[in-house]
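What follows is the residue order along each chain.
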Amino acid sequence: MLLVKWLKKEAPVINFDYVKPTTEQNALTACKDPLAQFIAGGTNLVDLMKRGVTNPEKLVDITGLPMSNIEQKGDNIFIGSLALNSVVAEHELIKKHLPLLSQALQAGASPQIRNMATVGGNMMQRTRCGYFYDLSMPCNKRTPNSGCGAKEGYNRMHAIFGASDKCIAVHPSDMCVALAALDATVLIANGKLLRRVPFKDFHKLPGSNPEKDNNLLKGELITGVEVPINAAFAQHSLYTKIRDRASYAFALVSVAAALEMNGKTIKDIRLAMGGVAHKPWRLTTAEQFLKSKEATPANFKQAAMLALKDATSYGHNQFKLTLAPNTIVHTLHTLAGI
Amino acid sequence: MGNYFFDSATVFEELDRVDGKAKVTGQAKYSAEYEMPGLAYGVIVGANISKGTIAAIDINAAEKAPGVLGVVTHLNITKPAGYIAADATKPAAVRGLKVFDDNVIHFNGQPIALVMADSFERATHAASLIKAQYNKETFSTGLEQAMKDEKPLEGNQYKESIRGEKDAWKNAAVKVEGTYTMPNQVHNPMEMHATTVKWEGDDKVTVWEKTQGVKSTQRDIMQAFALTEKNVQVNTLYVGGGFGAALRTWPHAMAALIGAKKIGKPLKVVLTRMQMFTLVGYRPEAIQKIAIGADNDGKLIGMMHEANAVTSNYENFTENIVKMTRALYSCANVTTKYNVYPVELSTPTWMRGPGEATGSFPLECALDELSYQLKMDPIELRLKNYAETDPENGKPYSSKFLKEAYQLGADKFGWKDRHPIPNTMMENGWKVGVGMSTGIFGAFRNEAKLGLKLMADGTLIMQTAVSDSGPGTATAMTKIAADAMGLPYNKIKFELGDSSLPPGPTQGGSSSTSTVGAAVSTGCVTLQKKLAEAAKSSPVFGHIVAVENFLFQNGEMVLKTDPTKKLSYSEVLKNAGMTSIEFIENSGRNPAMEKYSAYSYAVHFVKVLVHPLTGVVKIAKAVVAGDAGKIVSPKTAKSQMIGGVVGGIGGALMEESVIDERYGRWINNNFADYHVPVHADVPAIEAVFVDKPDPILNPVGSKGMGEIALIGFAAAVANAVYHATGKRIRELPITPDKLI
């Protein structure tokens with residue numbers, strides 16, 4: 001194992017170790033220290049370190065591990081957790097079988113960031129809530145029990161689903177919204193057995209412990225995701241992202257949709273939203289409603305209303321209660337060609 | 001495009017930006033890029049309260065941190081002479097925030113300490129160890145709250161100004177009224193502000209500073225430290241964008257000067273992107289009320305424009321927000337009022353199109369609204385109220401080709417295809433709208449001294465202490481001199497960014513080309529006279545010495561009556577036994593301008609697409625037609641207009657400062673969350689010019705351009721959005737949430 005003491009003893013800045021293992025086992029061992037963290041593309045973690053939001057004592061660089069393959073395995077597409085966002089988006093298998101994922105990736109960040117960011121890192125990125133980033137303001141996610149600055153503050157970008165008194169932040173990823181819609185499975189190594197977690201259960205709601213974004217345990221490593229191939233969905237899928245500028249902006253809301261049609265009837269459907277919750281938000285009620293129904297504007301509208309049934313706003317984000325259903329309807333209209 | 005814009009008989013290739021190659025190849029050195037032995041790095045620590053006093057500040061841990069060379073706070077500062085007023089009746093020489101002067105906190109992020117170390121990383125770490133305790137006081141950072149709780153500043157500049165009858169608009173047949181809001185906007189040039197300081201002893205200093213005013217920065221430093229002019233050297237060879245943010249000598253620069261003196265080492269201080277939001281100004285938030293009355297034919301009867309804006313609690317910042325309403329249209333009865341409220345933010349500053357960019361939003365939206373009420377084309381309404389003389393003082397214009405700009409822009413845009421009824425046009429499921437507006441900005445010319453050196457090899461060197469924050473000043477000056485002297489571009493060198501050069505103006509208020517260009521133009525005339533004088537010694541011209549007898553072309557003096565008789569400039573010098581001709585040209589305002597009003601104009605045309613379900617607005621097309629006098633350097637002129645429109649897209653659709661008023665702290669002080677346009681937001685922008693010289697302002701015939709490129713653009717977008725949707729958005733930026 002390559003071990004670099006990043007800074008010498010008389011280190012000028014907060015000291016941290018940096019190791020770059022080449023095997024999964026060594027990586028898992030290296031990351032056992034309480035304040036050790038994996039780093040891959042670093043597109044979020046380095047920012048967090050600069051701002052003092054995260055202060056790891058050891059960085060375990062996993063980019064030396066062989067985890068960037070993209071391949072078809074039976075009825076699934078396997079994507080290694082170190083596959084770059086830009087590579088996944090442009091990969092022939094992904095464009096052919098999972099165009100929704102390709103679209104979602106293209107909608108995220110900027111080309112420069114996509115060239116650095118990995119699939120696993122994308123899943124692990126933290127919220128972009130301004131209170132989370134500013135050490136001089138309260139944030140339960142950053143500093144448990146310090147309060148939530150956003151709830152009564154500036155919450156235009158914040159959640160309308162599944163928030164708690166402790167936290168109303170949203171998960172910023174586009175990629176994850178597509179993976180949640182496509183019923184992906186997360187593959188997790190922990191040194192013993194490979195754990196498989198349905199993608200929609202990987203991230204968690206804030207509840208009483210918003211400092212935890214997901215259900216990954218300490219000492220576990222995401223090795224990849226598996227996405228079932230569905231030829232019908234590949235024919236009819238669309239990612240719509242509404243944002244304040246055309247690129248390099250987080251979603252106000254986004255919708256990932258995939259349809260399987262039987263004539264005018266919806267045989268099967270997947271719907272998920274981004275920018276609305278602490279995790280990619282599957283619209284299961286709307287999906288259930290639309291199954292076996294005709295693809296009509298009235299049904300789409302009804303489904304969007306059902307999807308918003310449990311939505312709540314906090315002031316600045318009230319517009320999302322209108323924008324979210326409108327975007328669902330717009331996406332379904334476009335997909336169904338009406 | 002070629003030489004479309006030229007009316008010159010001489011055919012030149014379109015001149016590329018003379019410093020373009022240096023900029024895009026990384027050869028251009030900016031203020032943060034000067035390395036020198038022993039260079040130390042300074043990091044500014046900001047207060048995290050908005051108002052109050054520092055009760056205690058602990059710098060022990062920082063001082064003991066590895067590599068730290070020193071820490072400056074209000075407790076250990078050696079105050080520069082300029083902090084202290086000579087007597088109680090006079091203000092101190094250093095204006096604005098005197099950094100580390102006392103323990104009073106005026107705004108969140110105000111510098112409370114400068115930490116200096118042998119590396120940037122060590123300084124950054126040590127800065128994080130500074131701990132302050134405060135006595136907090138209540139504060140306000142938002143204009144709306146301040147308007148409820150506070151009284152505006154008093155003074156003559158804030159008094160209601162009435163032309164004609166105050167309430168005339170109220171009695172008009174057709175009326176529009178509205179309240180318009182605009183958030184704080186931040187300049188955010190790509191290059192962060194940076195100051196590198198090197199003291200030589202106690203009374204001599206060299207500073208590499210990001211500034212739009214080389215001489216003004218030099219003056220500020222002289223006054224602050226009681227130094228002589230020759231002992232303060234300011235260098236600003238390149239500026240990576242200014243937009244007004246580099247018009248002042250800001251507290252971080254003073255901190256760098258104070259800190260470098262303390263540690264006796266050269267020191268570099270570079271602001272972080274976050275500090276760019278709090279330490280170098282911003283365009284102040286404004287809430288404006290406007291009311292316009294017209295008769296049934298569209299003739300304006302009366303206008304009322306009240307602007308409310310913020311300033312800091314330690315300095316009064318005012319700009320021309322309501323002036324445009326008094327100047328643009330012929331209207332006998334105009335009442336304006338400008339209220340300024342101090343809040344717990346740093347002092348705002350001029351930002352591209354200062355004042356007018358803010359004021360044009362309500363004015364040009366209201367005109368648009370009026371046009372719909374009158375069922376009249378918006379351009380026709382403007383032509384109906386076209387001012388042939390300055391409505392404020394009756395003076396004639398030095399030049400005004402706004403009518404021509406309306407025509408030129410309308411033709412280029414295809415305005416005649418506009419459907420007069422809003423909310424009627426669709427393309428591929430998007431609502432379509434077109435809108436236009438007018439921008440106006442005063443045309444100015446200031447004083448400049450220009451050094452000219454014609455060298456033995458026929459090269460012309462020009463020198464003046466200006467900086468170029470982006471418009472391409474050196475390029476325009478090269479073009480003027482090339483035309484005047486008949487020299488190829490590569491024989492001309494324009495040197496700037498050095499305070500020891502002959503004094504030039506600050507680059508602001510769209511005046512550089514008029515001011516420095518005038519000096520170049522008259523300087524070349526002087527040079528021609530001196531060449532003719534020197535040619536006395538050249539037998540080829542016989543006894544003819546009067547300059548009128550010569551043409552100056554292709555680097556040669558040519559006898560008009562016998563073009564076979566000619567001499568290169570080098571030969572003229574050689575024959576006269578001279579190694580060079582060197583002199584300083586003084587250029588000032590044209591006294592004849594007393595009798596005139598001078599303005600530049602822009603007409604913006606915008607086509608927008610608005611998504612009916614999601615409220616997304618796309619700018620599909622933008623055309624800007626300018627009356628900026630004679631266009632000196634077509635390529636850089638076009639670029640400058642395009643850049644202004646890109647800035648305008650930001651202001652119209654996305655730029656919004658967000659401050660949590662409970663904490664007085666910024667929420668979106670970074671480039672991920674404070675949105676400026678990306679390429680995907682910017683359509684092909686067409687910039688066209690009337691290109692007719694102003695015969696009076698300056699000998700070049702140019703007027704200003706930098707400001708008008710942006711002024712009025714937000715209104716054109718809002719007007720297009722109205723045309724697309726029938727919704728009048730009076731609150732910037734026009735984000736999707738406002739259209740669903």
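Keep in mind that what you see is a predicted model, and the values were worked out from it rather than measured.

A.B. asks: For this particular structure, what's the right way to read the overall build of chain B?
C.D. replies: Scanning chain B for helices and strands turns up 15 helices and 29 strands. Since a compact globule built from 740 residues should have a radius of gyration of about 27 Å, the 27 Å found for chain B is in line with a globular shape. When burial is assessed residue by residue, chain B has 62% of its 740 residues classed as buried. If you sum the accessible surface of chain B, you get close to 27,600 Å²; carbon and sulfur atoms cover 51% of it. The centroid of the 78 positive side-chain charges in chain B is displaced by 1 Å from the centroid of its 77 negative side-chain charges.

A.B. asks: What is the right way to look at empty space enclosed by the protein in this model?
C.D. replies: Unoccupied space between atoms shows up once a probe the size of one water molecule is rolled over them. Residue and element names in this part refer to chain B. For the coordinates displayed, the defined rule picks out six cavities of 30 Å³ or more. Each pocket or cavity is described by its volume, and for the largest cavity that value is around 390 Å³. Grouping the constituent residues of the lining of the largest cavity by class yields 13 nonpolar, eight polar and five charged. In this model, the second largest cavity occupies a volume close to 130 Å³. In terms of lining residues, the second largest cavity is bounded by 18 residues, among which Gln 185, Ala 357, Gly 651, Leu 710 and Ala 714 are the most central. Only helix H8 (356-374), helix H14 (634-653) and helix H15 (713-725) provide two or more residues apiece to the lining of the second largest cavity. The residue inventory of the lining of the second largest cavity, partitioned by class, reads 10 nonpolar, six polar and two charged.

A.B. asks: Quick question: what am I supposed to make of the interface of chain B and chain A here?
C.D. replies: With 31 residues of chain B in contact, the opposing surface of chain A contributes 34 residues. Contact between chain B and chain A buries roughly 2,800 Å² in total, counting both sides, with carbon and sulfur atoms accounting for 63%. The interface formed by chain B and chain A contains two salt bridges. Between Arg 156 of chain A and Asp 737 of chain B there is a salt bridge; the shortest N-O distance is 2.9 Å. On inspection of chain B and its partner chain A, the count reaches 10 residue pairs in polar contact (both at pLDDT 80 or more).

A.B. asks: Any chance you could explain helix H12 (residues 297-307) of chain A here in plain terms?
C.D. replies: Residues spaced three or four apart along an α-helix point in a common direction, a consequence of the helix completing one turn every 3.6 residues. Residues and elements named next belong to chain A. Every buried residue of H12 is accounted for by Asn 299, Phe 300, Ala 303, Ala 304 and Ala 307. Seen from one end, H12 has its buried residues packed into an arc of 140°, which puts them on one side. Those residues of H12 that are exposed and angled more than 90 degrees off the buried face are Ala 298, Lys 301 and Met 305. Buried positions along H12 lie against strand S12 (265-274), helix H11 (284-290) and helix H13 (320-336).

A.B. asks: How should I be thinking about the sheet that holds strand S6 (residues 76-80) of chain A in this particular structure?
C.D. replies: Strand-to-strand pairing in sheets goes through backbone hydrogen bonds, with the strands running parallel or antiparallel. Residue and element names in this part refer to chain A. Strand order in the open sheet made by the five strands is S5-S6-S9-S7-S8, with antiparallel pairing throughout. Looking along the sheet, the strands with just one partner apiece sit at the ends: strand S5 (70-73) and strand S8 (195-198). Direction aside, the axes of adjacent strands within the sheet are offset by 25° on average. Pairing of S6 with strand S9 (residues 221-228) involves five bridges; the strand directions are antiparallel. Of the residues in S9, the one forming a bridge with Gly 80 is Gly 224.

A.B. asks: Can you walk me through unusual backbone geometry in this structure?
C.D. replies: For residues other than glycine, phi is negative in most cases, and the peptide bonds are mostly trans. Residue and element names in this part refer to chain B. Here the amide bond leading from Leu 732 into Pro 733 is cis, since omega sits at -5°, within 30 degrees of zero. Position of Pro 733 among the secondary structure elements: in the segment after H15. Its identity is not glycine, yet Asn 188 carries a phi of approximately 45°, on the positive side. For Asn 188, the location among the structural elements is in the loop between strand S8 (174-182) and strand S9 (194-199).

A.B. asks: Would you mind going over the packing of aromatic side chains with me for this structure?
C.D. replies: Two descriptors summarise a pair of aromatic rings, namely the distance from one centre to the other and the angle between the planes of the rings. A full pass over the atoms with the stated rule returns 21 aromatic pairs over all chains. Relative to Tyr 133 of chain A, the ring of Phe 132 of chain A lies with its centre 5.6 Å away and its plane at 85°, an arrangement referred to as edge-to-face. Geometrically, the ring pair formed by Phe 441 of chain B and Phe 444 of chain B is edge-to-face, given 6.0 Å between the ring centres and 80° between the ring planes. Judged by its relative accessible area of 36%, Phe 444 of chain B is partly exposed. Geometry around Phe 289 of chain A places Lys 293 of chain A over its ring, the cationic atom sitting 4.0 Å from the centre.

Calculation rules
Residues numbered from 1 in each chain as written. Chains lettered and ligands numbered in written order. Predicted model: local features only at pLDDT ≥ 70, side-chain atom pairs only at ≥ 80, totals over all residues. Heavy atoms only, no water. Helix = DSSP H or I, 4+ residues; strand = E, 2+ residues; numbered from the N terminus. Rg over C-alpha atoms; globule rule 2.2 N^0.38 Å. Buried < 20%, exposed > 50% of the residue type's maximum accessible area, 1.4 Å probe, protein only. Areas by Shrake-Rupley, 256 points an atom, 1.4 Å probe, with all protein chains shown as cover. Lys, Arg positive; Asp, Glu negative; His and termini not counted. Charge placed at Lys NZ, Arg CZ, Asp CG, Glu CD. 1 Å grid on protein atoms, 1.4 Å probe; cavity = no way out; pocket = protein on both sides within 12 Å on 5 of 7 lines; lining within 4 Å. Points joined across faces, edges and corners; volume = space filled by probe spheres on them. Nonpolar A, V, L, I, M, F, W, Y, C, P; charged D, E, K, R; others polar. Contact = heavy atoms within 4.5 Å. Buried area = accessible area lost by both parts, 1.4 Å probe. Salt bridge = Lys/Arg side-chain N within 4 Å of Asp/Glu carboxyl O. Polar contact = N/O pair within 3.5 Å; in protein donor to acceptor, adjacent residues only side chain to side chain. Arc of directions from axis to C-beta. Pairing = 2+ DSSP bridges. Axes fitted to C-alpha atoms, helices over the stretch in contact; angles between N-to-C directions. Phe/Tyr/Trp six-rings, centres within 6.5 Å; stacked < 30°, edge-to-face > 60°. Lys NZ or Arg CZ within 6 Å of the ring centre and 35° of its normal.

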